[in-house]
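# Understanding the architecture of this molecule
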Amino acid sequence: MTVFLASIPLLSRGVYIGHDSGFHFLRIEGVWQGLASGQLPVRIQPNWLHGYGYPVSLFYGDALLYVPGVFRMLGFSVQEVYEGYVLAVNGFTAALTFYC
């Protein structure tokens with residue numbers, strides 16, 4: 001029930017845009033493009049700075065973004081991947097909280 005209540009914004013049409021949503025969308029896209037170009041682990045995300053790339057992965061941990069990146073490679077849109085990622089994080093958070 002808690003996961004459902006926390007995930008109500010995901011049921012609306014579109015994505016709720018916060019102050020850093022664009023940054024996270026770019027990170028998901030960067031991991032996807034890095035994986036598609038053969039990088040593992042992704043260090044330079046090629047979609048930043050007009051195609052020159054930027055080492056965002058050196059400053060922010062991307063371990064949890066590999067799953068959304070793989071789903072992005074499978075053809076899902078960035079919105080679908082982001083919503084699924086947020087739903088999974090909400091579910092894991094509720095399960096870990098219940099366990100603790």
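Residues numbered from 1 in each chain as written. Predicted model: local features only at pLDDT ≥ 70, side-chain atom pairs only at ≥ 80, totals over all residues. Heavy atoms only, no water.

### A word on helix α4 (residues 66-73)
Here is the rule we go by: A 1.4 Å probe rolled over the protein chains alone gives each residue an accessible area, and that area as a share of the maximum for its type sets the label: buried under 20%, exposed over 50%, partly exposed in between. By the criteria applied, helices consist of DSSP H or I runs no shorter than four residues and strands consist of E runs no shorter than two, each listed in order from the N terminus. Read the arc as the range of directions from the helix axis to the C-beta atoms. Residues count as neighbours in contact if any of their non-hydrogen atoms are within 4.5 Å of one another.
Inspection of α4 places Y66, P68, G69 and R72 among the buried residues, and these make up the whole buried set. Looking down the long axis of α4, one finds its buried residues gathered within 160 degrees of arc, a one-sided arrangement. Looking at the buried side of α4, the elements it contacts are α2 (21-36) and α5 (78-99). Of the residues trailing α4, G75 is marked for its positive phi of about 110 degrees.

### Some words on the packing of aromatic side chains
Using the following cut-off: Only centres within 6.5 Å qualify two rings of Phe, Tyr or Trp (six-membered ring in Trp) as a pair; their planes then separate them into stacked at under 30 degrees, edge-to-face at over 60, and tilted for everything else. Sitting over a ring, as applied to charges here, requires NZ of Lys or CZ of Arg to be within 6 Å of the ring centre and within 35 degrees of the ring normal.
The full count for this structure, using the stated rule, is six aromatic pairs. Arranged with centres 5.2 Å apart and planes meeting at 65 degrees, the rings of F23 and Y60 form a pair that is edge-to-face. Of this pair, F23 sits in helix α2 while Y60 sits in the loop between α3 (56-59) and α4, and the two are 37 residues apart along the sequence. Arranged with centres 6.2 Å apart and planes meeting at 35 degrees, the rings of Y54 and F59 form a pair that is tilted. Looking at F59, the relative accessible area reads 55%, which means it is exposed. Ring-pair connections join several aromatic residues into one group, and the members of that group are F23, W48, Y54, F59 and Y60. R72 extends its terminal NZ or CZ atom over the ring of W32, reaching a point 4.4 Å from the ring centre.

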